[in-house]
Amino acid sequence: MNIKPEISWTDFEKLDIRCGAIISVSDFEEARNPSYQLEIDFGDLGMKKSAAQITSLYSKEDLVGKQILAVVNFPKKQIANFFSECLVLGVYGEDSKDVTLLSLSLPTKNGLQVG
């Protein structure tokens with residue numbers, strides 16, 4: 001396993017990672033790989049949309065209400081006809097199609113920052 005190059009604390013501080021609750025989930029039929037379109041509530045930051053390739057481990061019903069972690073300060077990224085506004089964080093399994101979402105062990109206020 002290769003470790004990425006070392007970064008500075010200043011580099012890490014540029015990332016804005018927040019917790020949010022998934023409010024709605026729909027199939028993303030236009031995506032090349034099986035994906036969902038998520039709408040996520042980040043509290044005071046508002047709602048953001050994200051496309052996520054997490055269909056192999058999660059049903060739509062499992063995801064609604066789940067608190068997850070996401071990078072919220074990337075520029076919007078167009079995927080087919082959809083604009084993803086944040087990057088939901090997860091861990092790749094041995095099969096890179098199996099992504100386990102990073103989530104909270106206890107409920108917290110949506111929008112709080114990871115630090």
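Residues numbered from 1 in each chain as written. Predicted model: local features only at pLDDT ≥ 70, side-chain atom pairs only at ≥ 80, totals over all residues. Heavy atoms only, no water.

The name given to the protein in an unreviewed UniProt entry is tRNA-binding protein, and the organism recorded there is Chryseobacterium piscicola.

Undergrad: Sorry if this is basic, but what is going on with the sheet that holds strand β7 (residues 87-88) here?
TA: As a general point, the strands of a sheet are linked pairwise by backbone hydrogen bonds and lie either parallel or antiparallel. Reading across from one edge, β3-β2-β1-β4-β7 is the order of the five strands in this open sheet, with antiparallel pairing throughout. With one partner strand each, in any of the chains shown, β3 (47-52) and β7 form the two edges of the open sheet. Sheet analysis places strand β1 (residues 17-27) next to strand β2 (residues 36-41), joined by six bridges and oriented antiparallel. Residue pairing in the sheet places serine 26 in a bridge with glutamine 37 of β2. (Pairing = 2+ DSSP bridges. Helix = DSSP H or I, 4+ residues; strand = E, 2+ residues; numbered from the N terminus.)

Undergrad: Is there a simple way to explain the nonpolar core in this structure?
TA: One broad trend across soluble globular proteins is that nonpolar side chains are buried collectively. Counting residues in each nonpolar core, the largest one holds 17 residues, and the members touching the most others are Ile22, Leu38, Ile40, Ile54, Leu63, Ile68 and Leu101. Residue assignment for this core shows that the elements contributing at least two residues are β1, β2, β4 (67-71) and β9 (99-101). For this core, the element with the most residues is β2, which contributes three residues. Setting aside residues up to four positions removed in sequence, isoleucine 22 forms contacts with Leu38, Glu39, Ile40, Leu63, Val64, Gly65, Lys66 and Ile68. Core analysis: the second largest hydrophobic core is formed by five residues, Ile17, Cys19, Leu69 and Val71 among them. (Core = buried A, V, L, I, M, F, W, Y, C linked by side-chain atoms within 4.5 Å. Buried < 20%, exposed > 50% of the residue type's maximum accessible area, 1.4 Å probe, protein only. Contact = heavy atoms within 4.5 Å.)

Undergrad: Is there a simple way to think about the UniProt feature "domain: TRNA-binding" (unreviewed entry) in the protein in this case?
TA: According to UniProt, the feature "domain: TRNA-binding" (unreviewed entry) maps to residues 11-115 in the numbering used here. Between the first and last C-alpha atoms of residues 11-115 the distance is 13 Å; the span itself is 7% helix and 40% strand. (UniProt positions renumbered as here; feature names shortened; annotations may be inferred.)

Undergrad: What is the right way to read the environment of glycine 46 from this model?
TA: Within the secondary structure layout, glycine 46 lies in the loop between β2 and β3. Spatially, the C-alpha atom of glycine 46 lies 9.6 Å from that of glycine 20, the residues being 26 residues apart in sequence. Apart from the residues within four sequence positions on either side, glycine 46 is in contact with Ile40 and Asp41.

Undergrad: Which parts of the structure should I look at to understand a nonpolar patch on the surface?
TA: Where nonpolar side chains cluster on the molecular surface, the patch consists of Leu15, Phe74 and Leu87 and spans about 250 Å² of accessible area. The residue phenylalanine 74 is located in the loop between β4 and β5 (77-79) in this model. Of the residues examined, phenylalanine 74 reaches a relative accessible area of 41% and is grouped as partly exposed. (Patch = residues over 30% accessible without salt bridge, like charges linked within 9 Å, V, L, I, M, F, W, Y side chains within 5 Å. Areas by Shrake-Rupley, 256 points an atom, 1.4 Å probe, with all protein chains shown as cover. Salt bridge = Lys/Arg side-chain N within 4 Å of Asp/Glu carboxyl O.)

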